[in-house]
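If you want the building blocks of each chain, they are given just below.
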Amino acid sequence: MGHAALEGQTRPSRRKRNMLEKKQLDLSIIIPAYNEVKRLLPVLSEIEKYLRNNNLQVEILVINDGSRDNTALVAEQYSLQSDLLIQVISLKQNCGKGAAIKAGINASNSNFVLLYDADGATPISELERIWPHKSPAKIIIGSRALDSNDVILKTRVHRKGLGRLFNLAVNLLVLPGLKDTQCGFKLLPTAAAQLIFSKMFMQRFSFDVELLFIAKKIGLEIQEIAINWSHIPGSKVNVIRDGIRMFFDLIRIRFLHRNL
């Protein structure tokens, strides 16, 4: 994956900069955002409400992936009135979700990073399910495919079916044993994430598979944990076009990392 060009980023307030300079933080929440002007603010608000009752030292990195709307502006305005440490990093053009997350990981100042979708399909409170399992040698991935009595999955039938079909291809070609590689809720140790993304090529939706494939190759444990998840209208994924592209990307991933 090539280096994404940065257009600029907001400067945290003096108080927030002092927080950032005093110590390495516990967690960076990385939110890739492309044309998310309508969905981003409610998600940031929910994160802020959740963190008020949490002792974690957290920063939020909103990565504006070349949006054509006012995504960056509304995120910057929110950051100015928020008590949260929020940085908005803008890519000059739309580079893809994988490229946006890489920019966030390279800018993070924390021990762990949480990949979090701008639609808020996974409630931020699900962090409580995965945080206790964190480890410098482990990646925790939220799963919509694990059976559990205490989670609720709200999805569309055709997307669920196509997701299962794609995951079957993932299991056969790249990553046997994982039930859901594509959920946008993943907790990674920052040092490992930076190493993994330095080796990656995929910039769009197949980046999840490449991330996990490299993680296994370098000896990291991958743990799936069932989470609550709800379909939110406005997905950027075209299940047919992107699905076909992602299938061929599976073959590319195996080839590109055959010597890893």
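Anyway, here's the lowdown on the structure attached to this text. Per-chain numbering applies: the sequence of each chain, read as written, is numbered from 1 onward. Totals for whole chains, interfaces and linings use every residue, but because this is a predicted model, local features are given only for residues with pLDDT of at least 70 and side-chain atom pairs only at 80 or more, for both listing and counting. Note that water and hydrogens are dropped before the side-chain values are worked out from all heavy atoms of the structure.

Focus: the overall build of the protein
Turning to step 1, where the next piece is worked out: Per the convention used, a helix needs a DSSP run of H or I reaching at least four residues, while a strand needs a run of E reaching at least two, with both numbered from the N terminus. For the protein, the count of helices and strands is nine helices and ten strands.
Turning to step 2, where the next piece is worked out: Classification of residues uses two cut-offs on accessible area relative to the type maximum, computed with a 1.4 Å probe and protein chains only: under 20% is buried, over 50% is exposed, and between them is partly exposed. The 260 residues of the protein split such that 50% are buried.
Turning to step 3, where the next piece is worked out: Per-residue and other accessible areas were derived by the Shrake-Rupley procedure at a 1.4 Å probe size, with only the shown protein chains allowed to occlude residues. Accessible surface, the protein as shown: approximately 12600 Å² in total, 51% of it carbon and sulfur.

Observations regarding the side chain of D65
Turning to step 1, where the next piece is worked out: Considering the arrangement of structural elements, one finds D65 in strand 3 (residues 58-65).
Turning to step 2, where the next piece is worked out: His is not counted, nor are the chain ends; Lys and Arg add positive charge and Asp and Glu add negative charge. Here, a salt bridge means any side-chain nitrogen of Lys or Arg that lies within 4 Å of a carboxyl oxygen of Asp or Glu. No salt bridge is formed by the buried D65. Its closest oppositely charged neighbour is R204, at 5.3 Å.
Turning to step 3, where the next piece is worked out: N or O atoms within 3.5 Å of each other form a polar contact, as long as, within protein, one can give a hydrogen and the other can take it, and as long as residues adjacent in sequence are counted only when both atoms are side-chain atoms. Only 2.7 Å separates the side chain of D65 from the backbone nitrogen of C95, close enough to count as a polar contact.
Turning to step 4, where the next piece is worked out: Here, two residues are considered to be in contact whenever any of their heavy atoms come within 4.5 Å of each other. Excluding its chain neighbours within four sequence positions, the residues that come into contact with D65 are A33, Y34, L91, Q93, N94, C95, G96, K97 and A100.

A look at the packing of helix 2 (residues 40-52) against helix 3 (residues 71-81)
Turning to step 1, where the next piece is worked out: One way to put it is that helix 2 packs onto helix 3 with a least axis distance of 10 Å and a crossing angle of 25 degrees. Comparing the axis directions of helix 2 and helix 3 gives the class roughly parallel. The two elements helix 2 and helix 3 cross, and the hand of that crossing is right-handed. Across the interface between the two elements, L40, L41, L44, S45 and E48 from helix 2 touch T71, V74, A75 and Y78 from helix 3.
Turning to step 2, where the next piece is worked out: Under this grouping Gly is polar, as are all residues other than the nonpolar Ala, Val, Leu, Ile, Met, Phe, Trp, Tyr, Cys and Pro and the charged Asp, Glu, Lys and Arg. Residues of the contact of helix 2 with helix 3, tallied by class, amount to six nonpolar, two polar and one charged. What counts as an axis is a line fitted to C-alpha atoms, over the stretch in contact for a helix, and the angles between N-to-C directions run from 0 to 180 degrees. Every angle not falling under 35 degrees, over 145, or within 65 to 115 is termed oblique; those three ranges are roughly parallel, roughly antiparallel and roughly perpendicular. In this scheme, a crossing is called left-handed if the near helix is turned counterclockwise away from the far one by less than a right angle; it is called right-handed if the turn is clockwise.

Observations regarding the pattern of salt bridges
Turning to step 1, where the next piece is worked out: Tallied over the full model, the rule gives eight salt bridges.
Turning to step 2, where the next piece is worked out: For R252, the salt bridge identified is with D249, shortest N-O distance 3.3 Å. You can see R252 and its partner D249 sitting in helix 9 (residues 241-256), three residues apart, about one turn around the helix.
Turning to step 3, where the next piece is worked out: Through salt bridges with shared partners, a single ionic network connects E126, R129 and D150.

Examining the nonpolar core
Turning to step 1, where the next piece is worked out: Core analysis: the biggest nonpolar cluster contains 40 residues, and I139 and L211 have the highest contact counts within it.
Turning to step 2, where the next piece is worked out: Top contributing element to this core by residue count: helix 8 (residues 207-217), with seven residues.
Turning to step 3, where the next piece is worked out: Among residues more than four places away in sequence, those in contact with L211 are L115, I139, L188, I196, F197 and M200.
Turning to step 4, where the next piece is worked out: Grouping buried Ala, Val, Leu, Ile, Met, Phe, Trp, Tyr and Cys residues that are joined through side-chain atoms within 4.5 Å yields what is termed a nonpolar core. L27, V58, V88 and A121 belong to the second largest nonpolar core, which has 36 residues in total.

Considering the packing of aromatic side chains
Turning to step 1, where the next piece is worked out: Between 30 and 60 degrees the pair is tilted, below 30 it is stacked and above 60 it is edge-to-face, where a pair is any two Phe, Tyr or Trp rings, Trp via its six-membered ring, whose centres lie within 6.5 Å. As enumerated under the stated definition, the model contains four aromatic pairs in all.
Turning to step 2, where the next piece is worked out: Measuring from centroid to centroid gives 5.6 Å for F112 and W131, while their planes differ by 70 degrees, and the two rings are edge-to-face. With a gap of 19 residues between them, F112 in strand 5 (residues 110-116) and W131 in the loop between helix 5 (127-130) and strand 6 (138-143) connect regions that are remote in the sequence. Like W131, F112 is buried.
Turning to step 3, where the next piece is worked out: For the ring pair F197 and F207, a centre distance of 6.4 Å and an interplane angle of 45 degrees mean the geometry is tilted. In this pair, F197 sits in helix 7 (residues 190-198) while F207 sits in helix 8, placing the two residues ten residues apart along the sequence.
Turning to step 4, where the next piece is worked out: Of note, R258 hangs over the ring of F255, and the distance from its end group to the ring centre comes to 4.0 Å. For a Lys NZ or an Arg CZ to count as sitting over a ring, it must be within 6 Å of the ring centre and within 35 degrees of the ring normal.

Some thoughts on helix 7
Turning to step 1, where the next piece is worked out: Listing the buried residues of helix 7 in full gives T190, A192, A193, I196 and F197. Buried positions in helix 7, seen along its axis, are confined to an arc of 155 degrees and lie on one side of it. More than 90 degrees from the buried face of helix 7, the exposed residues found are A191 and S198.
Turning to step 2, where the next piece is worked out: Close packing links the buried residues of helix 7 with helix 4 (97-107), strand 5, strand 6, strand 8 (185-189) and helix 8. For this quantity, the arc is that covered by the directions from the helix axis to the C-beta atoms.

Overview of the environment of L51
Turning to step 1, where the next piece is worked out: Its place among the elements puts L51 in helix 2.
Turning to step 2, where the next piece is worked out: Non-local contacts of L51, meaning those with residues more than four positions away in its chain, are made with V58 and L84.

Digging into the environment of T181
Turning to step 1, where the next piece is worked out: Here T181 is to be found in the loop between helix 6 (157-173) and strand 8.
Turning to step 2, where the next piece is worked out: Separated by 36 residues in sequence, T181 and A145 place their C-alpha atoms 9.7 Å apart.
Turning to step 3, where the next piece is worked out: Beyond its immediate sequence surroundings of up to four residues, T181 is in contact with F166, N167, V170, L175, K186, D208, V209 and L212.
Turning to step 4, where the next piece is worked out: Within the structure, T181 has its side chain in polar contact with the side chain of Q182 (distance 2.7 Å).

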